[in-house]
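Remarks on the overall topology
Now for the letters of each chain:
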Amino acid sequence: MTDSCAAPEQGGALPASVDTEKETVLQGRVLAGDAPVGGAYVRLLDSTGEFTAEVVSSADGDFRFFAAPGDWTVRALHRTGNGEASVTAPGPGVHQVPITVG
Amino acid sequence: MSRESVLVSAQWAEENLEAPGVVFVEVDEDTSAYDTGHIPGAVKIDWKTELQDPVRRDFVDRAGFEKLLSAKGIANEDTVILYGGNNNWFAAYAYWYFKLYGHDAVKLLDGGRKKWELDGRPLSTDAVTREETTYTAQEQDLAIRAFRDEVVEAINAKNLVDVRSPDEFSGKLLAPAHLPQEQAQRAGHIPTALNVPWSKAANEDGTFRSDDELRELYKGAGLDEGKATIAYCRIGERSSHTWFALHELLGYSDVKNYDGSWTEYGSLVGVPVETGA
C-alpha cells in the first residue's frame, strides 16, 4: 500500500505494478511550441471542472494521472503561461493527452 | 485570529529572507524538490522520515520533536515560515504538528512552493546549515487532534468534514488520482460526513481563498457553526489544510484533525461506512 500523497516520478515507463487492464492512465507532455516544459503544475479536473489531482511535469515535460473512465480536463500552469486540453477515457488503458502552454 | 498572524505572502517572504528570528522550512514528502532548488536559506523537513515514528504508526514523540528542531537549528523564539509542494499539504500538516507540540510562532507561506515558482521568485541550491539549538517542546495539545473512537462518536453529533475528492468520498477511488489505486481497505466515507474537497479552499495558484469565500463554502456545504468539527482525508495531510482554513483562518474554536483518516477508519472492523455521493 502506498501511504504517500506526494507525486511519484513523472515520465518514463509505467511501474510494473500498474495493471493497464484495470487502471485508467492519463499521460502526456507539456509543450511550448516544440519544446518540452518541465516544472509545470499540471492539474486534472473532472467533468464538472472540479480539481482532482495535480503533479509537476518532469524535466521532459511528462505527466501522468491514475484516473477513472470519463471526461477529463488537464490544465497546466507555468510561469511562462498556461494551457489546457480535454480527454475522454472510455475505459481502462493508457490515454495520451498532449498539452501546450504559452 | 487574523489572516496576517497565520499566513505570509510570497512578497513578504522574499523581503524577509534574512530577517533575524525568521526560519523558512520546506516540508515535503519527497525532498528531491528541495534539493533541486529551495527558497534561499530554507531548511527542509521530510514529512515521512522525520515527523513519523519509524516503527509504530504515530508521530515522533515530544523528545523526538525536540531533537529534530534542535538539529535543524530552530529555536523556541524563532518564527517559523512553512512552505512546500502539493499546494502546501505537507506544510499545513507540519503547521498543525508544530501547533500540536506548542510552537505558536508558526506561519504558512500562502501558495507554498507553487506560488513562489509561478511568480518566478529565486530558488537556491546552496546547502543551508544553521547552528544547533536546544529546543523545548510542550506536551501534545490534544484539543486539535482527533482519534478514532472520538470520530465514531462524532457521527450524527459533530461536523465531520471529508476533504478528499468526490470520487474518493463516494468510494470510486481509494487514493488521489495521481497515485496508483492499489489499496485494499474499504472505500467510502464516514456516515454523516460532509464532502468539501480541500481544493475548494485554495485558488489555482495554491493560495487560500478569502475568508468570505471560505465561510460561504463550508456553510453552503452544511457545516453547523454551533458544533465542533473533525476534518479527515486519507492520511491527514489534506485535512490539515482544511483544519488550517477552519481553525486558523475562519477562527472556529473546536476543530480537530483526524490524522488516522481513511487509511485507519476504512480498515476498522465493525464501524459504519457509507458509499455514494
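The rules behind each value
Residues numbered from 1 in each chain as written. Chains lettered and ligands numbered in written order. Predicted model: local features only at pLDDT ≥ 70, side-chain atom pairs only at ≥ 80, totals over all residues. Heavy atoms only, no water. Helix = DSSP H or I, 4+ residues; strand = E, 2+ residues; numbered from the N terminus. Rg over C-alpha atoms; globule rule 2.2 N^0.38 Å. Buried < 20%, exposed > 50% of the residue type's maximum accessible area, 1.4 Å probe, protein only. Contact = heavy atoms within 4.5 Å. Lys, Arg positive; Asp, Glu negative; His and termini not counted. Charge placed at Lys NZ, Arg CZ, Asp CG, Glu CD. Phe/Tyr/Trp six-rings, centres within 6.5 Å; stacked < 30°, edge-to-face > 60°. Lys NZ or Arg CZ within 6 Å of the ring centre and 35° of its normal. Axes fitted to C-alpha atoms, helices over the stretch in contact; angles between N-to-C directions. Parallel < 35°, antiparallel > 145°, perpendicular 65-115°, else oblique. Left-handed = near helix turned anticlockwise from the far one by under 90°. Nonpolar A, V, L, I, M, F, W, Y, C, P; charged D, E, K, R; others polar. Domains from an automatic or database assignment. Buried area = accessible area lost by both parts, 1.4 Å probe. Salt bridge = Lys/Arg side-chain N within 4 Å of Asp/Glu carboxyl O. Pairing = 2+ DSSP bridges. Core = buried A, V, L, I, M, F, W, Y, C linked by side-chain atoms within 4.5 Å.

In terms of helices and strands, chain B carries 11 helices and 10 strands. Taken over C-alpha atoms, the radius of gyration comes to 18 Å for chain B, in line with the 19 Å a tight globule of 277 residues would show. Principal axes of the C-alpha set define a box for chain B whose edges measure 50 × 40 × 35 Å. A total of 277 residues make up chain B; the buried ones form 58% of that total. Within chain B, contacts between residues separated by at least 24 positions form 75% of all contacts whose residues are at least 6 apart in sequence. Charge separation in chain B, taken as the distance between the mean sites of 29 positive and 47 negative side-chain charges, equals 4 Å.

Residues and elements named next belong to chain B. Structurally, the position occupied by serine 170 is in helix α8 (residues 166-170). With 25 residues separating them in the primary sequence, serine 170 and asparagine 195 have C-alpha atoms 9.3 Å apart. Ignoring sequence-local partners within four residues, the contact set of serine 170 consists of Thr275, Gly276 and Ala277.

Moving on to the packing of aromatic side chains. This structure, assessed with the given rule, holds 20 aromatic pairs over all chains. Ring centres of Phe51(A) and Trp198(B) lie 5.2 Å apart, and the angle between their planes is 85°; this geometry places the pair in the edge-to-face category. With Phe51(A) in strand β4 (residues 51-56) and Trp198(B) in the loop between β8 (194-195) and α9 (211-220), this residue pair bridges two chains. Using a relative accessible area of 7% as the deciding quantity, one classes Phe51(A) as buried. Three or more aromatic residues joined by ring pairs make a cluster, and in this case those are Trp47(B), Phe59(B), Phe65(B), Phe90(B), Tyr93(B), Trp96(B), Tyr97(B), Phe98(B), Tyr101(B) and Tyr135(B). Above the face of the Trp116(B) ring, Arg121(B) is positioned so that its terminal group lies 6.0 Å from the ring centre. Over the ring of Trp89(B) we find Arg238(B), and its NZ or CZ is 5.4 Å from the ring centre.

Quick look at the packing of helix α5 (residues 89-100) of chain B against helix α10 (residues 238-249) of chain B now. All names here are of chain B. Between α5 and α10, the shortest axis-to-axis distance is 7 Å and the interhelical angle comes to 60°. It follows that α5 is oblique to α10 by the angle criterion. Read as a crossing pair, α5 and α10 show a hand that is left-handed. Contact residues: Trp89, Ala92, Tyr93, Tyr95, Trp96 and Lys99 in α5; Arg238, Ser240, His241, Trp243, Phe244 and Glu248 in α10. Class assignment of the residues belonging to the contact of α5 with α10 gives a composition of 7 nonpolar, 2 polar and 3 charged.

Residue and element names in this part refer to chain B. Domain boundaries in chain B define domain 1 (3-140) and domain 2 (143-265). Once you take the C-alpha centre of each, domain 1 and domain 2 turn out to be 23 Å apart. Taken together, the contacts link 24 residues of domain 1 with 28 residues of domain 2. For the pair domain 1 and domain 2, the two sides together bury roughly 2300 Å², of which 63% comes from carbon and sulfur. Of all residues in domain 1, the largest losses of buried area upon contact with domain 2 belong to Arg3, Trp89 and Trp96, amounting jointly to 33% of the total for that side. At the boundary of domain 1 with domain 2, the tally comes to 3 salt bridges. Here aspartate 211 makes a salt bridge to arginine 3, at a shortest N to O gap of 2.7 Å.

Further remarks concern the sheet that holds strand β6 (residues 70-78) of chain A. The strands making up a sheet are joined through hydrogen bonds of the backbone, oriented either antiparallel or parallel. Residues and elements named next belong to chain A. Read across the open sheet, the 4 strands follow the order β4-β3-β6-β7; overall the sheet is antiparallel. Where the open sheet ends on each side, the last strands, each with one partner, are β4 and β7 (81-89). If you compare each strand with its neighbour and ignore which way they point, the axes differ by 20° on average. Pairing analysis gives 5 bridges linking strand β3 (residues 41-45) to β6, with the strands arranged antiparallel. Along β6, the bridge assignment pairs arginine 43 with arginine 75.

One finds Val25(B), Phe65(B), Leu82(B), Leu108(B), Tyr218(B) and Phe244(B) to be the most contacted residues of the largest nonpolar core, which totals 58 residues. A total of 11 residues in this core trace back to one element, the largest contributor, which is α5(B). Here Phe244(B) is in contact with Val6(B), Leu7(B), Tyr95(B), Leu108(B), Phe208(B) and Leu249(B), once residues within four sequence places are set aside. Residues Phe63(A), Ala68(A), Ile99(A) and Leu173(B) belong to the second largest nonpolar core, which totals 22 residues.

The next subject is the pattern of salt bridges. A complete count under the given rule lists 30 salt bridges over all chains for this structure. Across the salt bridge formed by Lys114(B) and Glu54(A), the nearest N and O atoms sit 2.6 Å from each other. Of this pair, Lys114(B) sits in helix α6 (residues 112-118) while Glu54(A) sits in strand β4, on two different chains. For the pair formed by Lys114(B) and Glu54(A), the shared burial category is buried. In this structure, Arg148(B) engages Glu264(B) in a salt bridge whose closest nitrogen and oxygen atoms are separated by 3.1 Å. One end of the pair, Arg148(B), is in helix α7 (residues 148-153); the other, Glu264(B), is in helix α11 (residues 261-265), with 116 residues separating them in the sequence. Residues joined by salt bridges that share partners form a network here, namely Glu14(B), Lys115(B), Asp119(B), Arg121(B) and Asp205(B).

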